[in-house]
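Next come the chains, spelled out residue by residue.
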Amino acid sequence: MPKQQTVSTIKKLVSEGEKFTVLTAYDATFAHLVSSNGVEVILVGDSLGMVFQGKESTVPVTVDEMVYHTAAVMRGNQGALVMADLPFNSYGSVEQTLESSGKLMRAGAHMVKLEGGAWLCDSVTALSRAGIPTCLHLGLTPQSVNKFGGYKVQGRDDTAAQTMICDAKALVEAGADFILLECVPADLAKRVTEAVDAPVIGIGAGKDTDGQVLVIYDMLGLNPHKMAKFVKNYAAIDTTWQKAIQAYVQDVKEGHFPAPEHCFE
Ligand SMILES: Nc1nc(=O)c2c([nH]1)NC[C@@H]1CN(c3ccc(C(=O)N[C@@H](CCC(=O)O)C(=O)O)cc3)CN21
Ligand SMILES: CC(C)C(=O)C(=O)O
Ligand SMILES: [Mg+2]
């Protein structure tokens, strides 16, 4: 594995047909644990609002909080590519997007993640020109939980599926480096992955995306709340966290995770 992962090393790995793994981390200790056990990408996810802060959703998370956690992650990171979520209501205009992203990049992030479709193309292009790589999150976008009315599988009907494919293509055309799909039928995720020339990361999106992501507290069985269908508890298989993470990496590389029971149709 390279000393430091970059957007290019991930793209190269995917072009060679290798799967990659992503886990969340919100602090230096978890960043160290994850990045020294084979995980290529750390996501400083706004899910920290739920699992770290104990809030109802990711909506209350602020840019300043993301900056704080990103800076902590950077101190523990051992060479993973660090992607930070732009939180709710911090990327409404191109100008606001550049300002919020600049704060995350100055905290040490290597790239930012935005939730949304083709309406973000101008922002993606502006970020690309500013030297900020992006990941675009489609499907179940948790910052819109109040519009969705719950955490539900997205893209089940033909129109929604077609829109998702068009959004992904437009965003990659506009300069998006990665696409992330959350809670979408496995066959749609496969179609999106085939349709775009960018690495696609999945969570609850079947086995055919280029990478997989999970929230670390979920896959270590530490989340006391009801787990989504896509979660696998790796700590139930291996008795140390290091081994649990290594088992997850191996499962993804070998195509054993996600299994049919973790997928939607
Ligand atoms: N700990 C944690 N893990 C996550 O994966 C996560 C967060 N927090 N916070 C932000 C979002 C919220 N997420 C969620 C939360 C619940 C479901 C869920 O219960 N989904 C149903 C699908 C129901 C349907 O069929 O439409 C499931 O059965 O999995 C999915 C994603 C994913 N993200
Ligand atoms: C669930 C993942 C994809 C995420 O956005 C987060 O952890 O915030
Ligand atoms: Mg998030």
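As annotated in an unreviewed UniProt entry, the protein carries the name 3-methyl-2-oxobutanoate hydroxymethyltransferase and is attributed to Reinekea marina. The annotation that UniProt attaches to the protein under Pathway (unreviewed entry) is "Cofactor biosynthesis; (R)-pantothenate biosynthesis; (R)-pantoate from 3-methyl-2-oxobutanoate: step 1/2." According to UniProt, the comment filed for the protein under the heading Subunit (unreviewed entry) is "Homodecamer; pentamer of dimers."

Draft legend 1. Highlighting the packing of helix H8 (residues 158-174) against helix H9 (residues 186-195). One way to put it is that H8 packs onto H9 with a least axis distance of 9 Å and a crossing angle of 30°. Classified by the angle between their axes, H8 and H9 sit roughly parallel to one another. The chirality of how H8 crosses H9 is right-handed. Residues Ala161, Gln162, Met164, Ile165, Ala168 and Lys169 of H8 lie in contact with H9, whose contacting residues are Leu188, Arg191, Val192 and Ala195.

Draft legend 2. Fine view of the site of ligand 2. Around ligand 2, the neighbouring residues are Thr24, Leu43, Gly45, Asp46, Ser47, Asp85, Lys113, His137, Leu180, Glu182, Ile203 and Val215. A distance of 2.8 Å is found between an oxygen atom of ligand 2 and a side-chain nitrogen or oxygen belonging to Asp46. In the model, an oxygen atom of ligand 2 is placed 2.8 Å from a nitrogen or oxygen of the Lys113 side chain. Its residues placed into classes, the shell around ligand 2 shows four nonpolar, four polar and four charged.

Draft legend 3. Here's a closer look at the UniProt feature "active site" (unreviewed entry) in the protein. Using the residue numbers shown here, the UniProt feature "active site" (unreviewed entry) corresponds to Glu182. On the secondary structure map, Glu182 appears in strand S6 (residues 178-182). Those residues in contact with Glu182, other than ones at most four positions away along the chain, are His137, Leu138, Gly139, Leu140, Pro142 and Ile203.

Draft legend 4. Layout of the UniProt feature "binding site: Mg(2+)" (unreviewed entry) in the protein. If you check UniProt for "binding site: Mg(2+)" (unreviewed entry), the listed places come out as Asp46, Asp85 and Glu115 in our numbering. A maximum C-alpha distance of 11.0 Å among these annotated residues, which run over 70 residues, shows that they cluster at one spot. Along the chain, the position of Asp46 falls in the loop between strand S2 (41-44) and helix H3 (48-51). Leaving out residues up to four positions away in the same chain, Asp46 has contacts with Thr58, Val61, Met66, Asp85, Pro87, Glu115 and Gln143. In contact with Glu115, other than residues within four places in its own chain, are Asp46, Tyr91, Leu120, His137, Thr141, Pro142, Gln143 and Ser144.

Draft legend 5. Seen up close, the sheet that holds strand S1 (residues 20-24). As summarised here, the arrangement of the eight strands in space is S1-S2-S3-S4-S5-S6-S7-S8, forming a closed barrel in which the pairing is parallel. Here the strands of the sheet are splayed against their neighbours by 25° on average, with no regard to which way each runs. With four bridges connecting them, S6 and strand S7 (residues 200-203) associate as parallel partners. Paired with Glu182 across the strands is Ile203, a residue of S7.

Draft legend 6. Seen up close, helix H1 (residues 7-15). Within the span of H1, buried status applies to Val7, Ile10, Leu13 and Val14. Buried residues of H1 fall within an arc of 130° about the axis and therefore sit on the same side. In H1, the exposed positions that point more than 90 degrees away from the buried face belong to Ser8, Lys12 and Ser15.

Draft legend 7. Representation of the coordination of the magnesium ion (ligand 3). For the magnesium ion (ligand 3), the full set of protein donor atoms is Asp46 (OD) and Asp85 (OD), at a range of 2.1 to 2.2 Å. Taken together, the positions of Asp46 in the loop between S2 and H3 and Asp85 in strand S3 (residues 81-85) put the pair 39 residues apart, joining distant regions of the chain. Across the pair, exposure class does not vary: Asp46 and Asp85 are buried alike.

Conventions used here
Residues numbered from 1 in each chain as written. Chains lettered and ligands numbered in written order. Predicted model: local features only at pLDDT ≥ 70, side-chain atom pairs only at ≥ 80, totals over all residues. Heavy atoms only, no water. UniProt positions renumbered as here; feature names shortened; annotations may be inferred. Axes fitted to C-alpha atoms, helices over the stretch in contact; angles between N-to-C directions. Helix = DSSP H or I, 4+ residues; strand = E, 2+ residues; numbered from the N terminus. Parallel < 35°, antiparallel > 145°, perpendicular 65-115°, else oblique. Left-handed = near helix turned anticlockwise from the far one by under 90°. Contact = heavy atoms within 4.5 Å. Near = heavy atom within 4 Å. Polar contact = N/O pair within 3.5 Å; in protein donor to acceptor, adjacent residues only side chain to side chain. Nonpolar A, V, L, I, M, F, W, Y, C, P; charged D, E, K, R; others polar. Pairing = 2+ DSSP bridges. Buried < 20%, exposed > 50% of the residue type's maximum accessible area, 1.4 Å probe, protein only. Arc of directions from axis to C-beta. Donors = N, O, S within 2.8 Å, 3.2 Å for Na, K, Ca; no water.

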